[in-house]
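Close look at the chain arrangement
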Amino acid sequence: MSNPAGFLTAFAHALAAMTLYADGHPARERAIDAAFQALADLQAAERHPLFTFLGDEIVYGQLPLRELRAWDWTPRLAQAGIQRLEFAEPVTQEDFSEVLDEVLARLTLSAIDTSEARQLRRSSIRFGSVGVKGEAEQPATPVATTAMTYSLTEEADAVRWCQDEVRSRGVVPLSEAEAVVRSLAIAMHGGHHIMIPLLQLKEFDQYTTTHSLNVAVLAMALAEYTGLAPRDVRAFGIAGLLHDIGKVRIPLEVLTKRGRFSDEETTLMRRHPSDGARIILQTQEQLDLPAVVAYEHHIMLNGGGYPTLQIRRECHRASRLVHVCDVYDALRTDRPYRDAWSQEDVLSYLAARGATEFDAELVTAFVQMMRQWEPRLAVMHDERSAVIPGETAPGRPVTPTPGESAPDGA
Ligand SMILES: [Fe+2]
Ligand SMILES: [Fe+2]
């Protein structure tokens, strides 16, 4: 029986269950199954259900959905930038879960920023439709997820908020970190081709925030490029996002220092991998991958870097992958003590150190990916500006000194 209000209620119930219960929890699975079933029932009567959220009103197809007038989810969805929800046949369970993930990511991001500024500004991602990609029999029906304009405002705000939480409460807010990564994944796949949005801000005190976002994006891109499944890609993204979380323990004046570090400051800087791993593990044991990556991301293939392992062993693939992305982003960014390197200089620097400092296979894949996807790079010098794919920051050519290793600031 066609019941659009029943479907939306089940859909909202599934979103609520997803915020409360971890992946695999029976209550979460049940709520998702119920919403999926409600959609199947709805599609038995209407093959292309379309919901539009207008202010506090919902329109189903052409008609207002009176049963859900003043439904409290309508403004929440609209505020999160979701104005349309559209489904086309066939919708698989996997497609449906992906839509739920995307919607939840937008809702989580828009909920955690309590600043008044949010009231005044519009959401940075506007979905022309949040749809399910399927083989619609009528190709004219727009069903793909469309990110019409994109900036990293929400994501940067959310990362700053996560860092503040870690600083003040000592725990990593996992669902918000996951939401940031899902949102980045949406940005990367909003169009017909993959896009790699990167931030390069001039304010040095924002470095850890922009760097964390960039490393997450690059780690996800490289994970995808090397053939990992979407779930693993996101896991690598979370590891990339949290790799430098231990830096919350380092005073800003050290992080933004212009000159060389004193011995004491070097010791402090070199503690961020173990501090980060400890902070992450204190939050949740399920974050073992980000903890491992936080601990290992400065360890070189040849055992150099820090911290020094008591017994020499190979680092996790995710750590080796994040290591490459980490050094790339550090060198591509203006730092208080040096200008950004040019794209080509950084890629040559990385390639020259394959099989000594970096995993040879991963560094080769990274360089190849950056060359192949160069037109898909979208570098923003302002987190609030929309992305223009293909535009990269020129950087200033700097010849790498032989033997010079990446700065501690990575
Ligand atoms: Fe880093
Ligand atoms: Fe680091």
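The paragraphs below set out a description of the structure included in this document. Along every chain, residues carry numbers that run from 1 in the direction the sequence is written. Starting at A for chains and at 1 for ligands, labels are handed out in the order in which the entities are written. Only residues with pLDDT of 70 or above have their local features reported here, since the model is predicted, and side-chain atom pairs are shown and tallied only from 80 upward, although totals for entire chains, interfaces and linings are computed over all residues. Side-chain metrics rest on all non-hydrogen atoms present in the structure, leaving aside hydrogens and water.

Lining residues are those with an atom within 4 Å of a point, where the points come from a 1 Å grid over the protein atoms alone and group into cavities, where a 1.4 Å probe fits but cannot get out, or pockets, open sets with protein on both sides within 12 Å along at least five of seven lines. Grid points are joined across faces, edges and corners, and a volume is the space filled by probe spheres set on the points. One pass over the full model with this rule turns up four cavities of 30 Å³ or more. Approximately 90 Å³ is the volume found for the largest cavity. A run of DSSP states H or I qualifies as a helix once it reaches four residues; a run of E qualifies as a strand once it reaches two. Both are numbered from the N-terminal end. If you list the elements that add at least two residues to the lining of the largest cavity, you get helix 8 (207–225) and helix 10 (252–255). By residue number, the principal contributor to the lining of the largest cavity is helix 10, which donates three residues. Here the nonpolar group is Ala, Val, Leu, Ile, Met, Phe, Trp, Tyr, Cys and Pro; Asp, Glu, Lys and Arg are the charged ones; every other residue, Gly included, is treated as polar. The residue inventory of the lining of the largest cavity, partitioned by class, reads eight nonpolar, three polar and three charged. Estimated volume of the second largest cavity: approximately 50 Å³. Taken together, V159, C162, Q163, L241, L242 and I245 make up the lining of the second largest cavity. For the lining of the second largest cavity, the secondary-structure elements that each account for two or more residues are helix 6 (153–169) and helix 9 (230–242). Per-element accounting of the lining of the second largest cavity gives the leading share, three residues, to helix 6. Classifying every residue of the lining of the second largest cavity gives five nonpolar, one polar and no charged.

In this scheme Phe, Tyr and Trp rings, the latter by its six-membered ring, pair at centre separations within 6.5 Å, and the angle between planes marks the pair as stacked below 30 degrees, edge-to-face above 60, and tilted otherwise. Considering all chains together, one arrives at twelve aromatic pairs under this definition. Feature note: the residues F7, F11, F36, F51, Y60, F87 and F96 constitute an aromatic cluster, connected by ring pairs. By the criterion adopted, a ring carries a charge over it if an Arg CZ or a Lys NZ lies within 6 Å of its centre and within 35 degrees of its normal. The cationic tip of R335 hangs over the ring face of Y207; the distance from NZ or CZ to the ring centre is 3.6 Å. Sitting over the ring of Y349, R353 keeps its end group 3.8 Å from the ring centre.

Note on geometry: axes are lines fitted to C-alpha atoms, helical ones only across the stretch in contact, with angles between N-to-C directions running from 0 to 180 degrees. Where helix 9 contacts helix 13 (residues 288–296), the two axes come as close as 8 Å, and the packing angle between them is 45°. Considering the angle they form, helix 9 stands oblique to helix 13. The handedness of the crossing between helix 9 and helix 13 comes out as right-handed. Across the interface between the two elements, A235, F236, I238, A239 and L242 of helix 9 pack against L289, P290, V293 and A294 of helix 13. The residue inventory of the contact of helix 9 with helix 13, partitioned by class, reads nine nonpolar, no polar and no charged. By the definition adopted for this analysis, an angle is roughly parallel if under 35 degrees, roughly antiparallel if over 145, roughly perpendicular if from 65 to 115, and oblique otherwise. By definition, turning the near helix anticlockwise from the far helix through less than a right angle yields a left-handed crossing, and turning it clockwise yields a right-handed one. We call two residues contacting when some pair of their heavy atoms lies within 4.5 Å.

The donor set comprises N, O and S atoms within 2.8 Å of the metal, extended to 3.2 Å for Na, K and Ca; water molecules are omitted, so apparent gaps in a site may simply reflect that omission. Those protein atoms acting as donors to the iron ion (ligand 2) are D244 (OD), H272 (NE2), H297 (NE2) and H298 (NE2), and they sit at 2.1 to 2.2 Å. With four donor atoms in place around the iron ion (ligand 2) and angles of 84 to 174° between them, the coordination shape is irregular. In primary sequence terms, the donor set of the iron ion (ligand 2) follows D-x27-H-x24-H-H. In this structure, the iron ion (ligand 2) is positioned 3.5 Å from the iron ion (ligand 1), and both are ligated by D244. Highlighted residues: D244 in the loop between helix 9 and helix 10 and H272 in helix 12 (residues 272–283), separated in sequence by 28 residues. There is no split in this pair, since D244 and H272 are both buried. Here a site with four donors is tetrahedral if all angles are between 85 and 135 degrees, and a site with four or six donors is square planar or octahedral if opposite donors are over 155 degrees apart and the other angles are between 65 and 115; anything else gets the irregular label. The buried label applies to any residue whose accessible area, calculated with a 1.4 Å probe on protein chains only, is under 20% of its type's maximum; exposed applies above 50%, and partly exposed to all values in between.

Let's shift gears to the environment of L213. Note on placement: L213 falls in helix 8. When the C-alpha positions of L213 and I238 are compared, they lie 9.7 Å apart, and in sequence the two are 25 residues distant. When neighbours within four sequence positions are excluded, L213 is seen to be in contact with E155, A156, V159, V180, L184, L199 and L241.

Looking now at helix 9. The span expected for a helix works out to 1.5 Å for each residue beyond the first. For helix 9, spanning 13 residues, the distance from its first C-alpha to its last is 18 Å, which sits close to the expected 18 Å at 1.5 Å a residue. Those residues of helix 9 not exposed but buried are V233, F236, G237, I238, A239, G240, L241 and L242. Its buried side turned inward, helix 9 meets helix 6, helix 7 (174–189), helix 8, helix 12, helix 13 and helix 14 (317–332).

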